[in-house]
Amino acid sequence: MTEPAAGRGPDGGLRNAVAAAWLRLSPNHRGALWMIGASLGFTVNSAFVKSLSAEGLDTFQIAFARAVFSSLVLAPFFYRAGFAALRSTVPGLHAVRAVSGSLAMVCGFYAVGQLPLAEFTALTFTQPLFVILLAVLILKETVRWRRWLATAIGFLGVLVMVRPGAAAFDPAALIALASVFGIALAVTLVKRLPPGESHVTMLAYFCIASIVMTAAPALAAWQAPSLSQWGLLAAVGLLGIASQAMIIRAYRSGEASFVAPFDYLKLILAGLIGFLVFAEIPDHWTVAGAVIIVGSTFYIARREAAQRPAEARSAAPPA
């Protein structure tokens, strides 16, 4: 009896049909689907971290496990690159970026364990606001008054949400903002890297920094995980890397102005998961602050998308 031809069996036919349907989609729609996948991945990942924290695992233990499992996923790429993965003309810049990202990860894991999932997710949308501030301070970019106004309104939304000085104020919100600032700094420093710096090099520095920075505190607070907790720890590492990869795919597939708004799906997903899994109900202050933050960052994203074609036209040589 002969083997069925590749792609002609039931499974092969289904794969071919799915592949054909995928290729029929426009690049923007493929990018949107990648972004939706990334939003779901990041939100579920945050829920896993929150569950592990609720079960008593220390923040540093979760962060250390995340770093180790992520490094295992990336190990084939590091092996293929060899020592070239650490070779750079600006190792100091890579080190600062890696340390910033590692601190942001630890702060984020702590904050998501303390805050309602929807509130934590809403605060992560302040990243573009911090990037604008850092772009002015570090990259010496010029920011016009409309973006400054949108940035100020966005931070007003933060004040509405966290209400410093009120009885309901949770200091963990400041830790969440510190996490977002660390990510924004790492993103800004990417623009300072010279051309030709490899993504593998960036990942290698981050993995090394995150393991070194979390190992000692994690071992000091180590609690033997159960089998299900080991599964969640592995999922945090794998899902984190997969979600980052989907973000890259999203922006490579479609136009940023079309793809970026789908990232706000995280807020809806976080609200649903928070309600269904953790019995969390956002109060009206959280909702109002989230609307202000999302509105300001959405405006900034649209302005950025509109400005890029104009800049490209002005920079193009005359015909």
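About the criteria used
Residues numbered from 1 in each chain as written. Predicted model: local features only at pLDDT ≥ 70, side-chain atom pairs only at ≥ 80, totals over all residues. Heavy atoms only, no water. Core = buried A, V, L, I, M, F, W, Y, C linked by side-chain atoms within 4.5 Å. Buried < 20%, exposed > 50% of the residue type's maximum accessible area, 1.4 Å probe, protein only. Helix = DSSP H or I, 4+ residues; strand = E, 2+ residues; numbered from the N terminus. Contact = heavy atoms within 4.5 Å. Expected span 1.5 Å × (residues − 1). Bend = angle between axes of the 7 residues up to and from the residue. Polar contact = N/O pair within 3.5 Å; in protein donor to acceptor, adjacent residues only side chain to side chain. Phe/Tyr/Trp six-rings, centres within 6.5 Å; stacked < 30°, edge-to-face > 60°. Patch = residues over 30% accessible without salt bridge, like charges linked within 9 Å, V, L, I, M, F, W, Y side chains within 5 Å. Areas by Shrake-Rupley, 256 points an atom, 1.4 Å probe, with all protein chains shown as cover. Salt bridge = Lys/Arg side-chain N within 4 Å of Asp/Glu carboxyl O. Axes fitted to C-alpha atoms, helices over the stretch in contact; angles between N-to-C directions. Parallel < 35°, antiparallel > 145°, perpendicular 65-115°, else oblique. Left-handed = near helix turned anticlockwise from the far one by under 90°.

K.L.:
Would you mind showing me how to read the nonpolar core here?
P.N.:
Nonpolar side chains in soluble globular proteins tend to be buried together. Counting residues in each nonpolar core, the largest one holds 45 residues, and the members touching the most others are Leu-52, Ile-62, Phe-109, Leu-115 and Leu-123. The greatest single-element share of this core, amounting to eight residues, is contributed by helix H8 (residues 172-190). Beyond its immediate stretch of four places on either side in the chain, Phe-109 contacts Val-49, Ser-53, Thr-59, Ile-62, Ala-63, Arg-66 and Val-236. Judged by nonpolar contacts, the second largest core, of six residues, contains Leu-74, Ala-85, Ala-204 and Ile-241.

K.L.:
Would you mind showing me how to read helix H9 (residues 199-220) here?
P.N.:
It helps to recall that an α-helix has 3.6 residues per turn; residues three or four apart then point in one direction. Across its 22 residues, H9 extends 32 Å between first and last C-alpha, which sits within 8% of the 32 Å expected from 1.5 Å per residue. Helix geometry: H9 is bent most strongly at Thr-214, by close to 40 degrees, with proline Pro-217 lying one to four residues after it. Turning to H9, its buried residues number three or more, namely Thr-201, Met-202, Ala-204, Tyr-205, Phe-206, Cys-207, Ala-209, Ser-210, Thr-214 and Ala-218. Contacts from the buried residues of H9 go to helix H3 (59-81) and helix H4 (91-114). Between the side-chain oxygen at the start of H9 and the backbone nitrogen of Val-200 there is a gap of 2.9 Å, and the oxygen is on Ser-198.

K.L.:
Any chance you could explain the packing of aromatic side chains here in plain terms?
P.N.:
The description of an aromatic ring pair uses the distance of the two centres, along with the angle that the planes make with each other. One pass over the structure, following the stated rule, counts five aromatic pairs. Relative to Trp-230, the ring of Trp-222 has its centre 6.2 Å away and its plane inclined at 50 degrees; by these criteria the two rings are tilted. Judged by its relative accessible area of 36%, Trp-230 is partly exposed. Between Tyr-264 and Phe-298 the ring centres are 6.2 Å apart and the planes differ by 65 degrees, which places this aromatic pair in the edge-to-face class. In this pair, Tyr-264 is assigned in the loop between helix H11 (256-259) and helix H12 (265-278) and Phe-298 in helix H13 (residues 284-315), connecting sequence segments 34 residues apart. On the accessibility criterion, Tyr-264 (18% relative accessible area) is buried. In textbook terms, an aromatic cluster arises when at least three aromatic residues are bridged by ring pairs, as seen for Phe-125, Tyr-264 and Phe-298.

K.L.:
Is there a simple way to explain a nonpolar patch on the surface in this structure?
P.N.:
Nonpolar side chains collect at one region of the surface, where Ile-268, Leu-272, Phe-275, Leu-276, Val-277 and Ile-281 lie side by side and expose about 680 Å² of accessible area between them. Among the secondary structure elements, Ile-281 is positioned in the loop between H12 and H13.

K.L.:
Quick question: what am I supposed to make of the side chain of Ser-243 here?
P.N.:
Relative to the helices and strands, Ser-243 is located in helix H10 (residues 227-253). Leave out the neighbours within four places in its chain, and Ser-243 touches Ala-38, Gly-41 and Phe-42.

K.L.:
So what exactly am I meant to see when it comes to the environment of Val-106 here?
P.N.:
Of note, Val-106 is situated in helix H4. Sequence-wise, Val-106 and Thr-214 are 108 residues apart; in three dimensions their C-alpha atoms are separated by 8.3 Å. Those residues in contact with Val-106 that sit more than four places away from it in its chain are Thr-59, Phe-60, Ala-63 and Thr-214.

K.L.:
Sorry if this is basic, but what is going on with the environment of Val-180 here?
P.N.:
Residue placement: Val-180 occurs in helix H8. When its relative accessible area of 3% is taken as the criterion, Val-180 is described as buried. C-alpha separation for the pair Val-180 and Met-105, spaced 75 residues apart in sequence, amounts to 9.2 Å. If we ignore the near neighbours within four places in the chain, the residues touching Val-180 are Leu-123, Thr-124, Thr-126, Gln-127 and Phe-130.

K.L.:
Is there a simple way to think about the pattern of salt bridges in this case?
P.N.:
Where side chains of opposite charge bring their charged atoms close, a pairing between them can arise. According to the stated counting rule, one finds three salt bridges in the structure shown. With its nearest N and O atoms 3.3 Å apart, the salt bridge here joins Glu-280 to Lys-50. Here Glu-280 is found in the loop between H12 and H13, whereas its partner Lys-50 is found in helix H2 (residues 27-54), with 230 residues between them in sequence. Neither residue differs from the other here; Glu-280 and Lys-50 are each classed as buried. Across the pair Asp-283 and Arg-163 runs a salt bridge whose closest N-O atoms are separated by 3.3 Å. In this pair, Asp-283 is assigned in the loop between H12 and H13 and Arg-163 in the loop between helix H7 (145-162) and H8, connecting sequence segments 120 residues apart. On the basis of relative accessibility, which here comes to 32%, the residue Asp-283 falls in the partly exposed class.

K.L.:
What is the right way to look at H8 in this model?
P.N.:
Taking 1.5 Å of rise per residue, the 19 residues of H8 would be expected to cover 27 Å, and the 28 Å separating its terminal C-alpha atoms lies within 8% of that figure. Restricting attention to buried positions, one finds in H8 the residues Ala-172, Ala-173, Ala-176, Leu-177, Ser-179, Val-180, Gly-182, Ala-184, Leu-185, Ala-186, Thr-188 and Leu-189.

K.L.:
What is the right way to read the environment of Val-68 from this model?
P.N.:
Of note, Val-68 is situated in helix H3. For Val-68, a relative accessible area of 27% translates into the label partly exposed. Each C-alpha atom of the pair Val-68 and Ser-210 lies 8.7 Å from the other, and the pair is 142 residues apart in sequence.

K.L.:
I tried to follow the packing of H4 against H9 on my own but got confused; where do I start?
P.N.:
Each packed pair of helices is defined by two parameters, the angle between the axes and the distance between the axes. Where H4 meets H9, the axes come as close as 8 Å, and the angle between the chain directions of the two elements is 55 degrees. In terms of orientation, H4 lies oblique with respect to H9. As H4 packs across H9, the resulting crossing turns out to be right-handed. Counting all contacts with H4, which are made through Pro-91, His-94, Ala-95, Arg-97, Ala-98, Val-99, Gly-101, Ser-102, Leu-103, Met-105 and Val-106, the residues of H9 involved are Thr-201, Met-202, Tyr-205, Phe-206, Ala-209, Ser-210, Met-213 and Thr-214.

In short, geometric facts, not functional conclusions.
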